[in-house]
Amino acid sequence: MSGNQVRLQAIEQITNRAPKEVALTEPLSKIWATDVFNFQKMEEALSKSAFKAIKKTVQTGKALDAATADIVAAAMKDWALSKGAKFFSHVFYPMTNATAEKHDAFILTNSDGAAINEFTGTLLIKGEPDGSSFPNGSLRMTNAARGYTAWDPTSPAYIQQTANGATLMIPSVFMSWTGEALDKKIPLLRSNSAMNEAAQKVLSLMGETEIADLNSSCGPEQEYFLVDENFANARPDLLLAGRTLFGASPAKGQQFDDHYFGAIPARVQVFMQDFEDKLYKLGIPAKTHHNEVAPGQFEIAPYYGAANVGADQQQLLMTTMKQTAKEHGFLCLLHEKPFAGINGSGKHVNWSVGNSTQGNLLDPGKTPHSNLQFLLFCGAVIRGVHKYGPLLRAVIATASNDHRLGANEAPPAIMSVYLGDQLEKVFEDIKAGKLTGSTDGGEMDLGLAQILNFDRDPGDRNRTSPFAFTGNRFEFRAVGSSQSVSGPLVAMNTMLADSLNWIADKLEVALAKQDQTAAVISVLKELMEEHGNAVFGGDGYSSEWHKAAVEERGLLNIPTTADALPHFMSENIVGLFERTGVLSPVELESRYEVYAEQYNLTIEVESKLVADIAKTKIYPAAIAYLSELTHASVSVADLGIELDTTITKEVAEHTNGLLAAVTKLEAEVTKHDFADAEAHMRHSADTLIPLMVEVRTHADALELLVADELWPLPKYQEMLFIK
């Protein structure tokens, strides 16, 4: 079947497609966390002493003894078997942004040849997947394949339900035989520990005597696109690259703003309800869903939770979303920019720190100017963003996220902090050496009796800021939709730990000379004098800000992944991770190597796809249309009629231009003799990407010229508006 026939058949199949029939949604109380081995189930299944021990481990990080691990393993196995599980898996998160799992059966044969179920504490604590094929950034030679997974009891085990059965999934860390972190969870746990240690110092200096362990929390807002599987199957670029490498903008896109928060299409609503029921069974608190700005784009946001558990749940959410979408005849696209010319997708990570005794330390309260603990922690964030802005840019750097950063739907590639009018004034006063007070937002009064008045927030929101304060937390808005949130969380926790350590050292000296309020103001005054340039409340998209940020404030504009990743190896960032114990220099270098390789491989795959699709689908369609046009011209010329050949010439020019650009691209994509990873990235960014754009420019022009019935690829206007 020719390309255009596949496209036309897809349109026909979709026209009368109805939503999938699913069972009515059950009450939340009946399905919540039914597939999670949480505290409630552990308390029912374990002895009092064993439950007390595992609960202490989860809440404080205290080591669990082997005997208790055996008891927990037996109870976990019995629970899993009661849910129909025959297999268990140590699920882990390698440096690929993906989730990895190796399934083992609950089975052992005895001397009589009978099969019995077995699962001991030893099997729970440690697994051994073959680590040779996971990217490790030269931490190990190819022949050094051994890798270990180790149970992380702070994140609950759960049952993964599929059409083929159930599997007990055990959240784990992943390391090499020599002990280096090969995953995203170990650095996250270390960063939280470093942040907790530093925060304890500051709180102790502030006179707190009862201080529970601190934890960071996150709530990632996940944006995504849905495309009908019939269209997706006719688009090799969507299937293999996750984005459309070709496609002319439709006459109607998002310019009317009629999709944002609009009525959710019936077919999508059914998908969402089915998907969220699955999340609830897994204990994932899906809180909000709605249409996003672009047609075909949607968002789901969970409630906030502990960062480590939240990161695991975010990975599970993405997996469940893709699987459920497939059941409903969709392809779920998590690429940051699957369609050119309309908004891409991000994953805004809401982040805060707190504990059970002091509460949320990023909550300013009603009078933030007098909340000294909040001011210290907020100041620590400001210092971190200013001092380690390149790190924040590097941890959200991918080939796919480069397409949206700096565009009109995503924050710019300059790292700054938005505080809002109220807090910005407070910190400006501190910089001036005074603390005069703070204003609130006042009352919202519309002058309508039937509309109740309410308290307005003390500051507006700023969607152009990459790192914005939103009331009681910071929102890292630049994270990409396909990314693991662990990398950004590691960066935020670690920069906070470093800044809190700096504050503790300064505060200890100041307190020996001044009262507490004066000491805090003096420390924060010094902090703002050195790092206040990171605070910006204006339009982050404006050219004036881009110029002022670099020329007047000394901030870095880091537009691409090729520019961002080398900052991992800067002395400033290597020292940060080494001081805090989060990543050794070798572990950090391995991440740089892995992420650089992923970037180059992504561009290489896209380049090959561009050349292949251009030559085998678009070029033949253009030639076929040229043949029709020239044949028509000859035929009418025989009748003494002269046709305008403008379109014929345009098609010919773009066809020749397409083929010439493909030839150049194919020559460049074969080059691999580079001095190092950075040189390879520069070739990808400076040579391959512009050549792909050149090919696409000709192809998209041809899409608007070639007869519709000849065009081989589903068009934007067909894919974006869900039926």
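A.B. asks: Could you give an account of the overall build of the protein, naming the residues involved and the relevant values?
C.D. replies: Secondary structure summary: the protein contains 23 helices and 20 strands in total. Along the first, second and third principal axes, the C-alpha atoms of the protein reach 100 × 80 × 70 Å. Residues counted as buried form 54% of the 723 residues belonging to the protein. Nonlocal contacts in the protein, meaning residues at least 24 apart in sequence, comprise 75% of its contacts between residues at least 6 apart. In the structure as shown, the protein presents an accessible area of about 31,100 Å², 52% of it carried by carbon and sulfur atoms. Counting 62 positive and 90 negative side-chain charges, the protein places the centres of these two groups 4 Å from one another.

A.B. asks: Run through the pattern of salt bridges, naming residues and quoting values.
C.D. replies: Across all of its chains, the model carries 25 salt bridges by this definition. Note that K425 and D429 form a salt bridge whose closest N and O atoms lie 3.0 Å from each other. Placement of the pair is K425 and D429 together in helix α14 (residues 421-431), with a separation of four residues, close to one helical turn. For K425, a relative accessible area of 36% corresponds to the partly exposed category. Measuring nitrogen to oxygen at the nearest pair gives 3.1 Å for the salt bridge that ties E604 to K608. Of the two residues, E604 and K608 both sit in helix α20 (residues 585-637), four residues apart, roughly one turn of that helix. In this structure E604 comes out as buried when scored by relative accessible area, which is 15%. Each member of the salt-bridge network shares a partner with another, and the members are D152, K185 and D312.

A.B. asks: An account of the pairing of strand β7 (residues 158-162) is requested, with residue identities and associated values reported.
C.D. replies: Pairing of β7 with strand β8 (residues 165-176) involves five bridges; the strand directions are antiparallel. Of the residues in β8, the one forming a bridge with T162 is G165. The turn joining β7 and β8, which pair antiparallel and follow one another in sequence, is formed by two residues.

A.B. asks: Account for the nonpolar core, with residues named and values stated.
C.D. replies: Ranked by size, the top nonpolar core spans 124 residues in total, and within it F246, F467, F474, F476 and L489 carry the most contacts. The dominant element in this core, judged by the number of residues it contributes, is α20, at 17 residues. Filtering out sequence-adjacent residues up to four positions away, F474 remains in contact with V349, N350, W351, L362, C378, V381, V417, Y418, L419, F467, A468 and F469. Core analysis: the next-biggest nonpolar cluster, separate from the first, contains 28 residues, Y224, F275, Y280 and A325 among them.

A.B. asks: Break down the packing of helix α10 (residues 266-281) against helix α11 (residues 307-327) for me, citing the residues and quoting the values.
C.D. replies: Direction vectors running N to C along α10 and α11 enclose 140°, while the axes themselves pass 10 Å from each other. With respect to each other, α10 and α11 are oriented oblique. In the crossing of α10 with α11, the sense of the turn from one axis to the other is right-handed. On the side of α10, the interface is formed by F271, D274, F275, K278 and L279, while α11 contributes L317, T320, M321, T324, A325 and E327. The class makeup of the residues in the contact of α10 with α11 is six nonpolar, two polar and three charged.

A.B. asks: Break down the packing of aromatic side chains for me, with residues and values.
C.D. replies: Enumeration according to the criterion identifies 20 aromatic pairs in this entry. Both rings, one in Y224 and one in F271, keep their centres 6.3 Å apart while their planes meet at 70°; by these two values the pair is edge-to-face. Of the two residues, Y224 sits in strand β9 (residues 215-228) while F271 sits in helix α10, which places them 47 residues apart along the sequence. Look at Y224 and you get buried, because its relative accessible area is 1%. Centre to centre, the rings of Y303 and Y304 are 5.8 Å apart; their planes meet at 45°, and the pair counts as tilted. Taking the ring centre of F39 as reference, the NZ or CZ of K55 above it sits at 5.8 Å. The ring centre of F330 lies 4.0 Å from the NZ or CZ of R267, which sits over that ring.

A.B. asks: Please provide a residue-by-residue account of the environment of K83, values included.
C.D. replies: Counting through the fold element by element, K83 comes out in the loop between α5 (66-82) and β1 (85-91). On the basis of relative accessibility, which here comes to 27%, the residue K83 falls in the partly exposed class. Separated by 76 residues in sequence, K83 and I159 place their C-alpha atoms 7.7 Å apart. Once residues lying within four places of it in the same chain are set aside, the contact partners of K83 are T34, D35, I159, Q161 and A166. A distance of 3.0 Å separates the side chain of K83 from the backbone oxygen of T34, its partner in a polar contact.

A.B. asks: Run through helix α4 (residues 48-60), naming residues and quoting values.
C.D. replies: With 13 residues, α4 extends 18 Å between its outermost C-alpha atoms, agreeing within 8% with the 18 Å of an ideal straight helix rising 1.5 Å per residue. Tucked into the core, α4 has its buried residues touching α3 (39-45), α5 and β6 (147-151). Phi turns positive, to about 85°, at G61, one or two residues after α4.

Rules and cut-offs
- Residues numbered from 1 in each chain as written.
- Predicted model: local features only at pLDDT ≥ 70, side-chain atom pairs only at ≥ 80, totals over all residues.
- Heavy atoms only, no water.
- Helix = DSSP H or I, 4+ residues; strand = E, 2+ residues; numbered from the N terminus.
- Buried < 20%, exposed > 50% of the residue type's maximum accessible area, 1.4 Å probe, protein only.
- Contact = heavy atoms within 4.5 Å.
- Areas by Shrake-Rupley, 256 points an atom, 1.4 Å probe, with all protein chains shown as cover.
- Lys, Arg positive; Asp, Glu negative; His and termini not counted.
- Charge placed at Lys NZ, Arg CZ, Asp CG, Glu CD.
- Salt bridge = Lys/Arg side-chain N within 4 Å of Asp/Glu carboxyl O.
- Pairing = 2+ DSSP bridges.
- Core = buried A, V, L, I, M, F, W, Y, C linked by side-chain atoms within 4.5 Å.
- Axes fitted to C-alpha atoms, helices over the stretch in contact; angles between N-to-C directions.
- Parallel < 35°, antiparallel > 145°, perpendicular 65-115°, else oblique.
- Left-handed = near helix turned anticlockwise from the far one by under 90°.
- Nonpolar A, V, L, I, M, F, W, Y, C, P; charged D, E, K, R; others polar.
- Phe/Tyr/Trp six-rings, centres within 6.5 Å; stacked < 30°, edge-to-face > 60°.
- Lys NZ or Arg CZ within 6 Å of the ring centre and 35° of its normal.
- Polar contact = N/O pair within 3.5 Å; in protein donor to acceptor, adjacent residues only side chain to side chain.
- Expected span 1.5 Å × (residues − 1).

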